[in-house]
Amino acid sequence: MPPGQSEVELYAALRRDSRDGMSNRALQCKYGVTWSTVNKALTSAWPQPRTTTASARPSKLDPFTLLIDEILLIEMDATRKQRHTVTPDLPPSDRRALLVRGVALRCVDHLNPHR
């Protein structure tokens with residue numbers, strides 16, 4: 001498809017050239033499209049609307065968000081030197097990400113004490 005040409009214009013050009021006697025193979029070569037695009041253009045005047053992809057899957061942390069939020073609240077009451085990851089000026093989602101990273105690192109240390 002040439003730059004600046006919409007799909008509707010491409011379909012119209014394909015149908016016009018096909019009516020003038022061009023073969024499907026020649027249409028493919030002239031417009032640089034596949035055989036399926038030529039067939040779609042010849043069967044329908046309008047391109048099919050784009051399909052949307054499935055929604056993103058939920059996070060694996062969703063079942064634990066309440067627990068994480070509770071841990072963050074407890075950490076906020078700790079003294080400055082005992083706080084591990086919580087900074088009050090960050091939004092909750094960023095605090096949660098920092099805490100999860102810190103908990104994961106502590107779990108790795110616990111599982112591998114000779115590290």
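The coordinates are above.
Numbers given to residues run from 1 along each chain, matching the order in which its sequence is written. For a predicted model such as this one, the threshold for reporting local features is a pLDDT of at least 70, and the threshold for listing and counting side-chain atom pairs is 80 or more; totals across whole chains, interfaces and linings nevertheless cover every residue. Excluded from the side-chain calculations are hydrogens and water; all other atoms, namely the structure's heavy atoms, are used.

### Concerning the overall build of the protein chain
Along the protein chain, the regular secondary structure elements total 5 helices and 0 strands. The cut-offs for exposure are 20% and 50% of the maximum accessible area for each residue type, with area from a 1.4 Å probe on protein chains only; residues under the lower value are buried, those over the upper are exposed, and the others partly exposed. Looking at the protein chain as a whole, 19% of its 115 residues are labelled buried. Only the protein chains shown count as covering a residue, and every accessible area follows the Shrake-Rupley method with a 1.4 Å probe. When the accessible surface of the protein chain is split by element, carbon and sulfur atoms take 58% of a total near 9,200 Å². Numbering of helices and strands runs from the N terminus; a helix is a DSSP stretch of H or I covering at least four residues, while a strand is a stretch of E covering at least two.

### Remarks on the pattern of salt bridges
By definition, a salt bridge exists where a carboxyl oxygen of Asp or Glu is found within 4 Å of a side-chain nitrogen of Lys or Arg. The final tally for this structure, using the stated rule, is 1 salt bridge. A salt bridge links D17 to K30; the shortest N-O distance between them is 2.9 Å. With D17 in helix 1 (residues 7–19) and K30 in helix 2 (residues 24–31), this residue pair connects regions lying 13 residues apart in the sequence. By relative accessible area, D17 is classed as buried at 9%. In this structure K30 comes out as partly exposed when scored by relative accessible area, which is 49%.

### Quick notes on the nonpolar core
Grouped together as the largest cluster of nonpolar side chains are 9 residues: L10, Y11, A13, L14, L27, Y31, V33, V38 and A41. Contributions of two or more residues to this core are made by helix 1, helix 2 and helix 3 (35–43). Among the elements that take part in this core, helix 1 stands out by supplying 4 residues, more than any other. Apart from the residues within four sequence positions on either side, V33 is in contact with L10, L27, Q28 and V38. Remark: nonpolar core denotes a set of buried residues (Ala, Val, Leu, Ile, Met, Phe, Trp, Tyr, Cys) joined through side-chain atoms within 4.5 Å. Working rule for contacts: check all heavy atoms of both residues, and any pair within 4.5 Å makes them a contact.

### Looking at helix 3
T37, V38 and A41 are the residues of helix 3 that are buried. Down the axis, helix 3 shows its buried residues gathered within 100° of arc, on one side only. Of the exposed residues in helix 3, the ones pointing more than 90 degrees away from its buried face are W35 and T43. Packed against the buried residues of helix 3 are helix 1 and helix 2. Starting at the helix axis, one direction is taken to each C-beta atom, and the arc is that of these directions.

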